[in-house]
Amino acid sequence: MRICMVAEGCYPYVVGGVSSWIHNLIRAFPNQEFVLLTILANRSFRGKFVYELPPNVTEVHELYLEDFEWGQKRKKMRRSTLKKEQYNALRSLLLNQHIEWEILFDLFQKQEVSIEGILMGEDFYRIVCDCYYLKYPQIVFSDFLWTMRSIYLPLFFALKMKVPKADLYHCVATGYAGILGSMAKYLHGCRLMVSEHGIYTREREEELIKADWVKGVYKDIWIEQFKKMSNLVYERANLVTSLYENARLLQIDLGCPADKTMVTPNGIRTDNFADIPGKNKEDLEHINVGAVLRVTPIKDVKTMIQAFGYARRQNDKLKLWIMGPTEEDEEYAQECFDTVEMMQIPDVVFTGRINVSEYLGRMDMTILTSISEGQPLTILESYAAHKPVIATDVGNCSGLIYGENDDFGPAGILTHIMNVDEIARAILELAEDEPLRRRMGENGYRRVMAKYKIEDMRETYRKIYQDFAESMGLEWTEEEFVPQPR
């Protein structure tokens, strides 16, 4: 079976939880052929992999959402260019009525259309006018027109992408990834599966609400755009998975049919943390707090630093290790460096990208202060290393700390997001009670070994992939895959 894995803004270009999950899943099935379809901001990321691709990845296709049409003669598309049904389908898309996606797929895939020609042409202009007078006559029209062009540009790039053939499209989000998967299912007759780590629509909504670059009613227009894309994917997918039960219920609340949903927890390679080095002589002088993360706003590293600073004023043995890349958002990383300097906090170490197994055994606890998460692999890795966790109440952090249908007991402390005082008190509570740290670390270890091993995840997805293969009349084999020249 040929599987096309569709990822947006992550693997194999960026280190992180979702990227690690994709990498581990592909490696878990060396006998299957995988094709990557990756969605990037622009061509500056082209081919810049931070992961070594497994040998069963035979192709990589890239879609750029801030691109332009390369090597094509640009022609303005006037109203006469579109047939009536195409015009109506485009109008239903902008007005968010009953959208004829098949007509739009055919328009972009089977005709030589210019994206610039559509966006700058008479048809699009007239549809935007309709939308404006029906819904938004209170705002400035010129701003509205250019906003609509900017909203639909990346979607049109996705609709024009030549999607590779595969037996199964496995999308790691709804959004643009799901658009590609839905289009591939229509064009190639393949099966479609979506695995959401965070709920894409809700995450985009949270980002837009906080964003400075978009204001007023335009936030609502962007949010509506992401919702209509997710609705398409929920409608067309054969299976929609989530990492934990509350996420599954949220998918249903957002319009996904319940009978398509399934919970598939994360899994980690627990053997990687079986014999890791413990504290060295210098570490014994400190109580080490480890944060394994990308230094980005969504991880809210500044709140972590502030909370640590207040905790350290009361316990000078504390030392914070921020372990992960800082180059993804250099401006934010500099703000974090400046926060350490401004608060004059000693014993804060930014390690950059590391091998986690070389550091985690030296920690006394780990911490995660994110404002959005799914089911963090860093928490599972901490548990595999027998370390308790402080985490904010986002995603499945509560379930991982307190357990879901088990009686192992608390494996850390849960706090509210952006609550410096709570996070500081949690650090101090664990710092000053070694027996509690050890007890919680063992609770976490038992939890990860019972439910979150890579072997458990592999077996779950083996059954899913095998069911898809058999439903298409394909033979599922466990024999080693040997890439063939194409």
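Here is a short report on the structure shown in this document. In this numbering scheme, every chain counts its residues from 1 along its sequence in written order. In view of the model being predicted, local features appear only for residues whose pLDDT reaches at least 70, and side-chain atom pairs are presented and counted only at 80 or more, with totals across whole chains, interfaces and linings using the full set of residues. As a convention, hydrogens and water are excluded, and side-chain values are obtained from all of the structure's heavy atoms.

Before going further, it helps to examine the pattern of salt bridges. Definition used for salt bridges: Asp or Glu carboxyl oxygen within 4 Å of a side-chain nitrogen of Lys or Arg. Taken as a whole and assessed by the stated rule, the structure comprises 26 salt bridges. Note that K110 and D106 form a salt bridge whose closest N and O atoms lie 3.2 Å from each other. Residue K110 and its partner D106 are located together in helix α3 (residues 101–110), separated by four residues, close to a single helical turn. K110 sits in the exposed class, given a relative accessible area of 59%. Between R462 and E459 there is a salt bridge, with its nearest N and O atoms 2.9 Å apart. Taken as a pair, R462 and E459 lie in helix α17 (residues 454–471) at a separation of three residues, close to a single helical turn. A single network of salt bridges, built from pairs that share partners, joins R2, E33 and E59. Numbering of helices and strands starts at the N terminus; helices are DSSP runs of H or I of at least 4 residues and strands are runs of E of at least 2. Think of it in three bands: residues with accessible area under 20% of the maximum for their type are buried, residues over 50% are exposed, and the middle band is partly exposed, with areas taken using a 1.4 Å probe on protein chains only.

It is worth spelling out helix α13 (residues 377–384) at this point. Owing to its 3.6 residues per turn, the α-helix aligns residues three or four sequence positions apart on the same side. Summarising burial for α13: seven of the eight residues are buried, a large majority. Those residues of α13 that sit buried are L377, I379, L380, E381, S382, Y383 and A384. In the segment just after α13, H386 is the residue with positive phi, at about 65°.

Moving on to the packing of helix α6 (residues 141–160) against helix α9 (residues 217–236). Two elements in contact, α6 and α9, have axes separated by 11 Å at closest approach and are oriented at 25°. Taken together, the axes of α6 and α9 lie roughly parallel to each other. Crossing of α6 over α9 shows right-handed handedness. Here α6 contributes D143, F144, T147, M148, S150, I151, Y152 and L155 to the contact with α9, which in turn contributes Y218, I221, W222, Q225, K228 and M229. Amino acids are sorted into nonpolar (Ala, Val, Leu, Ile, Met, Phe, Trp, Tyr, Cys and Pro), charged (Asp, Glu, Lys and Arg) and polar (every other residue, Gly among them). Looking at the contact of α6 with α9 residue by residue, the classes come out as nine nonpolar, three polar and two charged. Working convention: axes come from line fits to C-alpha atoms, limited for helices to the stretch in contact. Angles between N-to-C directions cover 0 to 180 degrees. Orientation categories follow fixed angle ranges, with anything under 35 degrees roughly parallel, anything over 145 roughly antiparallel, 65 to 115 roughly perpendicular, and all other angles oblique. Note on convention: the crossing is left-handed when the near helix lies turned anticlockwise from the far helix by less than a right angle, right-handed when the turn is clockwise. We call two residues in contact whenever any of their non-hydrogen atoms come within 4.5 Å of each other.

Spatially, β3-β2-β1-β4-β5-β6-β7 is the arrangement adopted by the seven strands of the open sheet, whose pairing is parallel. Edge positions in the sheet fall to β3 (57–64) and β7 (261–263), since each has one partner strand and no second. Ignoring which end each strand starts from, the neighbouring axes of this sheet average 20° apart. Sheet strands touched by helix α1 (residues 17–28): β1 (2–8), β2 (33–40), β3, β4 (168–171) and β5 (191–196). Its angle to β1, the strand with the most contacts, is close to 170°. Against the sheet, helix α7 (residues 175–188) engages β1, β2, β3, β4 and β5, with an angle of about 170° to β4. Strand pairing follows a simple DSSP-based rule, namely that at least 2 bridges must link the two strands.

In summary, the pairing rule links any two rings of Phe, Tyr or Trp, Trp by its six-membered ring, whose centres are within 6.5 Å, and it sorts them by plane angle into stacked for under 30 degrees, edge-to-face for over 60 and tilted for everything else. Within the structure shown, the criterion is met by 23 aromatic pairs. With a centroid separation of 6.4 Å and 80° between ring planes, the pair formed by F124 and F156 is classed as edge-to-face. Highlighted residues: F124 in helix α5 (residues 122–135) and F156 in helix α6, separated in sequence by 32 residues. F124 gets classed as buried once you look at its relative accessible area, which sits at 0%. Classification of F156 by relative accessible area gives buried; the value is 0%. The rings of Y125, Y132, Y133, Y136, F141 and F144 are connected pair by pair, giving a single aromatic cluster. Here the guanidinium or amino end of R204 rests over the ring plane of Y200, the centre of that ring lying 4.6 Å away. Put simply, a charge is over a ring when the Lys NZ or the Arg CZ is close to the ring centre, within 6 Å, and near the line of the ring normal, within 35 degrees.

Within the fold, S372 resides in the loop between β11 (365–368) and α13. Given a relative accessible area of 12%, S372 falls into the buried group.

Okay, the sheet that holds strand β10 (residues 348–352) next. Pairing within the open sheet is parallel, and its six strands lie in the order β10-β9-β8-β11-β12-β13. Single-partner strands in this sheet number two, and they are β10 and β13 (412–415). Neighbour-to-neighbour, the strand axes of this sheet turn through a mean angle of 20°, independent of strand direction. Across the face of the sheet, helix α11 (residues 301–314) comes into contact with β8 (287–292), β9 (318–323), β10 and β11 while running at roughly 165° to β9.

All right, on to the packing of α13 against helix α16 (residues 434–451) then. Contact geometry for α13 and α16: axes closest at 7 Å, N-to-C directions at 110°. Relative to α16, α13 is oriented roughly perpendicular. As α13 runs across α16, the sense of the crossing is left-handed. Contacts from L380, Y383 and A384 in α13 reach G441, G444, Y445 and V448 in α16.

Let us now look at the environment of F408. Turning to its location among the elements, F408 is positioned in the loop between α14 (397–402) and β13. Residues F408 and G444, 36 residues apart in the sequence, show an inter-C-alpha distance of 7.8 Å.

What follows is about unusual backbone geometry. Omega for the bond connecting Y11 with P12 falls within 30 degrees of zero, at -5°, which places this linkage in the cis form. Position of P12 relative to the elements: it lies in the loop between β1 and α1. Backbone geometry places D300, a non-glycine residue, at a positive phi of 50°. With respect to the helices, strands and loops of the structure, D300 is situated in the loop between β8 and α11. Of note, the phi angle at Q344 is positive, near 55°, even though the residue is not glycine. Positionally, Q344 belongs in the loop between α12 (330–343) and β10. Classification of Q344 as exposed rests on a relative accessible area of 69%.

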